[in-house]
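Residue-level structural notes
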Amino acid sequence: MSKKFTAYHFICLSFAGIILYLLYIRLRLITSYSLDLDGAEFCYINFVQMLAQGKPLYRNPLEFPFMAVQHAPFYPCLLYYSSILMHFNLINSIHQMMELARFISWLFMLINLFFIHKIFKRIGLSFFYFITAATFYVLLITGHFYATRPDAIKTTLFTIFLYNVLRFVFYNEGKKFMVFAILFGVVMVLFKQDSIIYLY
């Protein structure tokens with residue numbers, strides 16, 4: 001006998017529908033021809049082009065072109081090697097590189113949702129709490145999280161860091177989770193240096 005369709009099922013399905021719709025909209029934005037969905041995307045493509053031309057990422061900020069702000073090296077290197085893997089022209093294929101970088105951010109957003117679910121399940125919260133939190137997460141995240149920026153990767157690595165800390169500190173499940181926590185914490189900082197604030 002099938003279970004009765006309740007208000008609980010209706011709310012869960014509604015939230016799931018909102019999540020899927022918003023993820024679909026973001027997926028459509030990935031392929032848009034905008035050169036700046038959010039957060040100065042073109043700067044990161046420029047870093048890839050600098051690597052392709054053999055130029056250093058870190059320059060004197062007092063000399064032209066006055067590059068005073070620069071993130072840690074992992075994200076430009078990830079884009080550089082991903083673009084090479086896709087056989088893109090690193091100087092002219094600007095839109096293709098942006099699509100690839102945005103898709104990577106979108107995938108990391110999904111990975112983040114997966115680990116949020118694992119954390120909720122680990123601490124004994126029902127699926128309803130996860131679907132509610134996931135809906136607000138997808139509704140409230142800024143454009144940085146599906147643009148050519150390291151923010152989605154940074155946040156996902158932080159969630160994985162928290163998951164491993166939870167298993168090591170609160171559930172005493174072995175030192176390997178401490179090692180994983182340290183590893184993901186270090187990699188997170190190497191993607192974006194302001195992540196070190198998260199660790200404190």
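The preceding data block contains the structure.
Calculation criteria
Residues numbered from 1 in each chain as written. Predicted model: local features only at pLDDT ≥ 70, side-chain atom pairs only at ≥ 80, totals over all residues. Heavy atoms only, no water. Helix = DSSP H or I, 4+ residues; strand = E, 2+ residues; numbered from the N terminus. Buried < 20%, exposed > 50% of the residue type's maximum accessible area, 1.4 Å probe, protein only. Contact = heavy atoms within 4.5 Å. Areas by Shrake-Rupley, 256 points an atom, 1.4 Å probe, with all protein chains shown as cover. Lys, Arg positive; Asp, Glu negative; His and termini not counted. Charge placed at Lys NZ, Arg CZ, Asp CG, Glu CD. Salt bridge = Lys/Arg side-chain N within 4 Å of Asp/Glu carboxyl O. Axes fitted to C-alpha atoms, helices over the stretch in contact; angles between N-to-C directions. Parallel < 35°, antiparallel > 145°, perpendicular 65-115°, else oblique. Left-handed = near helix turned anticlockwise from the far one by under 90°. Phe/Tyr/Trp six-rings, centres within 6.5 Å; stacked < 30°, edge-to-face > 60°. Lys NZ or Arg CZ within 6 Å of the ring centre and 35° of its normal.

When its secondary structure is counted, the protein chain shows 8 helices and 0 strands. In the protein chain, the succession of α and β elements from N to C terminus is α-α-α-α-α-α-α-α. Projected onto the principal axes, the alpha-carbon positions of the protein chain cover approximately 70 × 40 × 30 Å. When burial is assessed residue by residue, the protein chain has 42% of its 200 residues classed as buried. Within the protein chain, residue pairs in contact and separated by at least 24 positions form 70% of the contacts whose partners lie at least 6 positions apart. Accessible area for the protein chain stands at about 11700 Å²; split by element, carbon and sulfur atoms hold 71% of it. Within the protein chain, one finds 16 positive and 8 negative side-chain charges whose respective centroids are separated by 14 Å.

On to the pattern of salt bridges, then. A full pass over the atoms with the stated rule returns 8 salt bridges. With its nearest N and O atoms 1.6 Å apart, the salt bridge here joins E173 to R122. Separated by 51 residues along the polypeptide, E173 in the loop between helix 6 (151-170) and helix 7 (175-191) and R122 in helix 4 (residues 94-122) bring together distant segments of the chain. Here E173 falls in the partly exposed class, since its relative accessible area comes to 23%. Looking at R122, the relative accessible area reads 32%, which means it is partly exposed. For R167, the salt bridge is made with E173, and the minimal N-O distance between the two is 2.5 Å.

Okay, the packing of helix 3 (residues 74-85) against helix 4 next. Orientation of helix 3 relative to helix 4, taken along the N-to-C sense of each, is 120°, at an axis distance of 10 Å. By the criterion of interaxial angle, the relationship of helix 3 to helix 4 is oblique. Two packed elements cross with a definite hand, and for helix 3 against helix 4 that hand is right-handed. Contacts between helix 3 and helix 4 involve Y75, L78, L79, S82 and S83 from the first element and M97, L100, A101, I104 and S105 from the second.

Mapped onto the fold, Q70 is located in the loop between helix 2 (41-52) and helix 3. Expressed as a C-alpha distance, the spacing of Q70 and Y58, which sit 12 residues apart in the sequence, is 7.2 Å. Dropping the residues within four chain positions of it, Q70 is found in contact with F47, L57, Y58, P76 and Q193.

This part takes up the side chain of D151. For D151, the position within the fold is in helix 6. Every residue in contact with D151, bar those within four places of it in the chain, is listed here: H144, F145 and K192.

Across all of its chains, the model carries 14 aromatic pairs by this definition. Between Y80 and Y81, the ring centres sit 5.0 Å apart and the planes meet at 75°, which makes this aromatic pair edge-to-face. Owing to a relative accessible area of 55%, Y81 belongs among the exposed residues under this scheme. Arranged with centres 6.3 Å apart and planes meeting at 80°, the rings of F177 and F180 form a pair that is edge-to-face. Highlighted residues: F177 and F180, both in helix 7, separated by 3 residues, approximately one helical turn. Residue classification places F180 among the partly exposed positions, given a relative accessible area of 35%. The lysine or arginine in question, R122, covers the ring of Y171, its NZ or CZ lying 4.8 Å from the ring centre.

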